[in-house]
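What the coordinates show
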Amino acid sequence: MNAAKYRDILEENLFQSAQDLRLGQRFTFQQDNDPKHTAKITKEWLRNNSVTILDWPSQSPDLNPIEHLWRDLKMAVHQRSPSNLTELERICKEEWQRIPKSRTIWPAMEPADADTVRSALTAQGTKLQHQETKLNPIAAGVQQLTDRQTELQMEVATQVNRLTAQLQLVVTRLEGLAPSTPATPAPTQPSASSAPTSASPRPARLAPPEKFSGESGECRPFLVQCDFHFKNDPAAFASEQARVRVHGVSSDGQSGSLGHG
């Protein structure tokens, strides 16, 4: 069953049941805190129809007298052992009609009902008192923490204000000590075009090769020197292609003449 179904049941049966029980127009309706009883649509229907509701505490013992009727109905249905939902619905309706009206009147309930209610209320009161005893120290601790937090916030605010005033005083003194000198323009950086360029160093010139003596044994070293100068110092020669002229080297190792031009 949901809240919508419960609201439909109230609309179809509440006022008719109150009329059958001769409760008059001003009666108090009792229900527990089941979610469908406290749903928004249920509360709106009860308010729109001016139904007075009995306040019911949370986590309360089951004191609703209707529970006795539910017990009677369950026992009667169980004895008939319905085999399907259709039989269950039919048997429930039949057994409900068989419950005598005297059973729905409070004096006709169990003789011990008054003592049961009194005992349940006492037990519930003891339970609530025990819970309150546990919660009181926690509430006191929370209050102390709240007070201490307020004190810390005030102390921090005071320290911040004091530091702010001291910082402002230091800034004022520094401004008074600073000399009033005109601002000097920042030095301009020389442009790349005006920057002096250093002349690229001239390559070192090699000393000219020693003059060939004419001896055949010194011919090869002389040629090696000429080749070295040609490769590493070509500017020392008169033309792009330096030449070494060798005139006659005899087959027996005697040199004729060698010149360099």
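Above this text is the structure in question.
Here we summarise the structure given alongside this text. Chains are numbered independently. Their residues run from 1 in the order of the written sequence. Thresholds applied to this predicted model are a pLDDT of at least 70 for local features of residues and 80 or more for the giving and counting of side-chain atom pairs; totals over whole chains, interfaces and linings are not thresholded and use all residues. Excluding hydrogens and water, the side-chain figures rest on all heavy atoms present in the structure.

1. Points about helix H4 (residues 85–98)
What counts is decided by this rule: Each helix is a run of H or I in the DSSP string that is no shorter than four residues. Each strand is a run of E no shorter than two, and both are numbered from the N terminus. The span you would expect from a helix comes to 1.5 Å times its residue count less one. Polar contacts, as counted here, are pairs of nitrogen or oxygen atoms within 3.5 Å of one another; within protein the pair requires one atom able to donate a hydrogen and one able to accept it, and residues that are adjacent in sequence qualify only if both atoms are side-chain atoms.
Taking 1.5 Å per residue, 14 residues should reach 20 Å; H4 reaches 20 Å between its end C-alpha atoms and fits that length. For H4, the capping residue at the N-terminal end is Asn84, with a side-chain oxygen 3.1 Å from the backbone nitrogen of Thr86.

2. Notes on the nonpolar core
So the rule is basically this: Definition of nonpolar core: a set of buried residues of the types Ala, Val, Leu, Ile, Met, Phe, Trp, Tyr and Cys, connected through side-chain atoms within 4.5 Å. Throughout this description, buried means an accessible area under 20% of the type-specific maximum (1.4 Å probe, protein chains only), exposed means over 50%, and partly exposed covers the range between.
The biggest cluster of nonpolar side chains holds nine residues, and these are Tyr6, Leu10, Leu14, Ala18, Phe27, Phe29, Trp45, Leu46 and Val51. Broken down by secondary-structure element, the contributors of at least two residues to this core are helix H1 (3–20) and helix H2 (40–48). Looking at this core element by element, the count peaks at four residues for H1.

3. Quick word on the packing of helix H3 (residues 66–80) against H4
Helix packing for two helices is described by the angle between their axes and how far apart those axes are. Basically, it comes down to this: Angular values range over 0 to 180 degrees, each being the angle between N-to-C directions of two axes fitted as lines to C-alpha atoms, with helices fitted over their stretch in contact. Any angle between 65 and 115 degrees counts as roughly perpendicular, while under 35 counts as roughly parallel, over 145 as roughly antiparallel, and the rest as oblique. When the near helix sits turned anticlockwise from the far one by under a right angle, the crossing is termed left-handed; a clockwise turn instead gives a right-handed crossing. Any two residues whose heavy atoms approach within 4.5 Å at even a single point are treated as in contact.
Axis separation between H3 and H4 bottoms out at 9 Å; the angle between their running directions is 125 degrees. Between H3 and H4, the angle falls in the class oblique. As H3 packs across H4, the resulting crossing turns out to be right-handed. Across the interface between the two elements, Ile66, Leu69, Trp70, Leu73, Ala76, Val77 and Arg80 of H3 pack against Leu88, Arg90, Ile91, Cys92, Glu94, Glu95, Trp96 and Arg98 of H4.

4. Points about the packing of aromatic side chains
Aromatic rings in a pair are described by how distant their centres are and how their planes are angled relative to each other. Formally: Geometry of aromatic contacts follows a simple scheme: Phe, Tyr and Trp rings, the Trp one being its six-membered ring, pair when their centres are within 6.5 Å, and the pair is stacked under 30 degrees between planes, edge-to-face over 60, tilted otherwise.
Under the counting rule described, the total for this entry stands at three aromatic pairs. With 6.4 Å between their ring centres and 75 degrees between their planes, Phe15 and Phe27 make a pair best called edge-to-face. Linking Phe15 in helix H1 with Phe27 in the loop between H1 and strand E1 (28–29), this pair joins segments that are twelve residues apart in sequence. When the ring of Phe15 is compared with that of Trp45, the centres are 6.0 Å apart and the planes differ by 45 degrees; the resulting orientation is tilted.

5. Topic: the side chain of Gln31
Checked against the element boundaries, Gln31 lands in the loop between E1 and H2. With relative accessibility at 7%, the residue Gln31 sits in the buried group. Separated by 2.5 Å, the side chains of Gln31 and Tyr6 make a polar contact. For Gln31, the side chain forms a polar contact with the main-chain oxygen of His37, separated by 3.3 Å. Once residues within four sequence positions are removed from consideration, Gln31 is found in contact with Tyr6, His37, Leu46, Ile53 and Trp56.

6. Describing a nonpolar patch on the surface
Stated formally: Patch membership is restricted to residues that have no salt bridge and whose relative accessible area is over 30%. Joining uses 9 Å for like charges and 5 Å for the nonpolar side chains Val, Leu, Ile, Met, Phe, Trp and Tyr. Accessible surface is estimated by sampling points in the Shrake-Rupley manner with a 1.4 Å probe; for residues, cover comes only from the protein chains shown. Salt bridges are defined as contacts in which a side-chain nitrogen from Lys or Arg sits within 4 Å of a carboxyl oxygen from Asp or Glu.
Residues Leu135, Ile138 and Val142 make up a contiguous nonpolar surface patch of about 290 Å² in total accessible area. Judged by relative accessible area, which is 47%, Val142 ranks as partly exposed.

7. Some remarks on H3
Note the threshold: This arc is built from the directions going out from the helix axis to the C-beta atoms.
Counted at 1.5 Å a residue, the expected span for H3 with its 15 residues is 21 Å, and the 22 Å between its end C-alpha atoms agrees. Within the span of H3, buried status applies to His68, Leu69, Leu73, Ala76 and Val77. Buried residues of H3 fall within an arc of 165 degrees about the axis and therefore sit on the same side. Across H3 from its buried face, at more than 90 degrees, point the exposed residues Lys74, His78 and Gln79. Ser81 occupies a position one or two residues after H3 and carries a positive phi of about 50 degrees.

8. Digging into the side chain of His37
Within the element layout of this structure, His37 appears in the loop between E1 and H2. For His37, a relative accessible area of 12% corresponds to the buried category. A polar atom in the side chain of His37 sits 2.7 Å from the side chain of Asp32. Once residues within four sequence positions are removed from consideration, His37 is found in contact with Tyr6, Gln31, Asp32 and Thr42.

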